[in-house]
Amino acid sequence: MTAKIAINGYGTIGKRVADAVAAQDDMRVAGVAKTKPDFEAKLAIRKGYPLYAPNADVASKFEKAGVKTAGTLEDLAKAADLVVDCTPEESGYKSLYEKAGVKAIWQGGEDHGLTNLSFNAAANYEECLGARFVRVPSCNTTGLIRTLYPLDAHFGVVSVLAVMVRRATDPGDSKKGPINAIEPELEMPSHHGPDVQSVLPKLNIHTIAVKVPTTIMHLHTVIVDLKKAASAEAVLDVWKRVPRVAFVSGGDGVRSTAQIMEMARDLSRNRADLYEIAVWRDGVHVVDGKRLFYFQAVHQESDVVPENVDAIRALMELQKDGRKSMEKTDQSLGIGIVK
Ligand code: NAD
């Protein structure tokens, strides 16, 4: 079966999900929906993705701008098997999808309560098999789950404190900031801890977040109290064996997120994306046998992209085995070559 996938919202995440879907042999892009007839809309058409407008009013705006649409979102949802909703949070399309009888996946801007099921391919693929609606949590949450889930499975986790240094906005955005300030998130815990628990409900995690003037990546400082004693080598060995965690090293000249993104550009992937979570190999330390410290960096624009592809496979039951889905996705996107 080739699943017909619609993408509603063709911005930072939607564009990447569309390209990743197009790279699979068991799903195809049925169309993408956008609110503005801008350069992204024109490039979507050039890529061969049928373009839809959210409603008839917007469709006439597209028409006036000389951008041809294939219909409205309602038409697209009816023609598709599943919609990946990549619109900003609370855009409110759930009832449209329900009416169209189509499955849907939302992104991390939405609350877990919208679907009551949040997805991470390594942690709960099987739980999401055949589900109607699911949410892929945010880039930061996905990053934390990628490294914490295997630690919990191998050594047990007593507690986690993660301090997140967050990018101000994405590189393509010139509206948001800060551009010359450091902004603490005063809510405690930040929403990331409870969000991790939407997938790993038993994990005892506390998170703190600070926003800084950078656009390229987030950086996490993570402190974990393990149940079983482990060396830094044993921890690295566990991460070496799990997908979507890559190692970088200060010794190799990777001193900051700038060099990580330079490395990502050198990999010549689509849009220079780094789908993996980058962990500093020489930044992993264990004190007193059980207290682990590490640093990881998250390419916010792309780490959730392979998760969306696997979530499609789980919901559409295209593959019952999560590991096999991850392997297929990773091979199609060139993931796994940095270890
Ligand atoms: P974006 O602003 O880059 O793109 C959103 C797209 O949706 C744009 O094409 C916009 O025109 C369109 N849109 C806006 N309102 C719409 C509406 N009412 N109906 C249809 N389309 C509409 O946003 P993004 O960064 O791609 O974020 C999308 C979702 O992904 C959010 O839930 C966000 O929290 C989540 N997310 C973002 C990132 C990131 O770093 N950018 C990372 C992980 C998850």
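Residues numbered from 1 in each chain as written. Predicted model: local features only at pLDDT ≥ 70, side-chain atom pairs only at ≥ 80, totals over all residues. Heavy atoms only, no water.

**Student:** Describe in detail the sheet that holds strand β1 (residues 3-8), supporting the description with residues and values.
**Tutor:** The strand order across the open sheet built from 6 strands is β3-β2-β1-β4-β5-β6, with neighbouring strands paired in parallel fashion. With one partner strand each, in any of the chains shown, β3 (51-52) and β6 (133-135) form the two edges of the open sheet. Inspection of the sheet shows β1 paired to strand β2 (residues 27-33) by 6 bridges, in the parallel sense. What sits directly across from Ala3, in β2, is Met27. Its contacts with the sheet put helix α1 (residues 12-22) on β1, β2 and β4 (82-85), and the angle it makes with β2 is roughly 155°. (Pairing = 2+ DSSP bridges. Helix = DSSP H or I, 4+ residues; strand = E, 2+ residues; numbered from the N terminus. Contact = heavy atoms within 4.5 Å. Axes fitted to C-alpha atoms, helices over the stretch in contact; angles between N-to-C directions.)

**Student:** Quick rundown of the site of the ligand? Include the residues and the values.
**Tutor:** Taken together, 19 residues form the shell around the ligand, and within it Ile13, Thr35, Tyr93, Arg167 and Asp170 come nearest. In this structure, an oxygen atom belonging to the ligand sits 2.8 Å away from a side-chain N or O atom of Thr35. The side chain of Arg167 places a nitrogen or oxygen atom 2.9 Å from an oxygen atom of the ligand. The protein chains hide 79% of the 820 Å² of surface that the ligand would expose on its own. Here the residues of the shell around the ligand sort into 6 nonpolar, 10 polar and 3 charged. Looking at the shell around the ligand, you find at least three residues from each of domain 1 (3-136 + 304-333) and domain 2 (139-298). (Near = heavy atom within 4 Å. Polar contact = N/O pair within 3.5 Å; in protein donor to acceptor, adjacent residues only side chain to side chain. Areas by Shrake-Rupley, 256 points an atom, 1.4 Å probe, with all protein chains shown as cover. Nonpolar A, V, L, I, M, F, W, Y, C, P; charged D, E, K, R; others polar. Domains from an automatic or database assignment.)

**Student:** Summarise the nonpolar core; cite the residues concerned and give the values.
**Tutor:** Residues Ile5, Ile7, Val32, Val84, Ile105, Phe119 and Ile312 are the most contacted members of the largest nonpolar core, which totals 48 residues. For this core, the secondary structure elements donating two or more residues are β1, α1, β2, α2 (39-47), α3 (56-64), β4, α11 (305-316) and α12 (322-333). When residues in this core are grouped by element, the largest group, 7 residues, is from α11. Residue assignment places this core across two domains, with domain 1 (3-136 + 304-333) and domain 2 (139-298) each supplying three or more. Residues Ile145, Met164, Val196 and Val284 belong to the second largest nonpolar core, which totals 32 residues. (Core = buried A, V, L, I, M, F, W, Y, C linked by side-chain atoms within 4.5 Å. Buried < 20%, exposed > 50% of the residue type's maximum accessible area, 1.4 Å probe, protein only.)

**Student:** Could you give an account of the pattern of salt bridges, with specific residues and numbers?
**Tutor:** Per the stated rule, a full pass over the model turns up 26 salt bridges. Between Arg16 and Asp273 there is a salt bridge, with its nearest N and O atoms 3.0 Å apart. Of the two residues, Arg16 is situated in helix α1 and Asp273 in the loop between α10 (257-266) and β12 (277-280); the sequence distance between them amounts to 257 residues. Taking the relative accessible area as the measure of exposure, Arg16 reaches 7% and is therefore buried. Taking the relative accessible area as the measure of exposure, Asp273 reaches 1% and is therefore buried. Taken together, the shared-partner salt bridges connect Asp26, Arg146, Arg244, Glu307, Asp310, Arg313 and Asp330 into one network. (Salt bridge = Lys/Arg side-chain N within 4 Å of Asp/Glu carboxyl O.)

Purely geometric numbers; function is a separate question.
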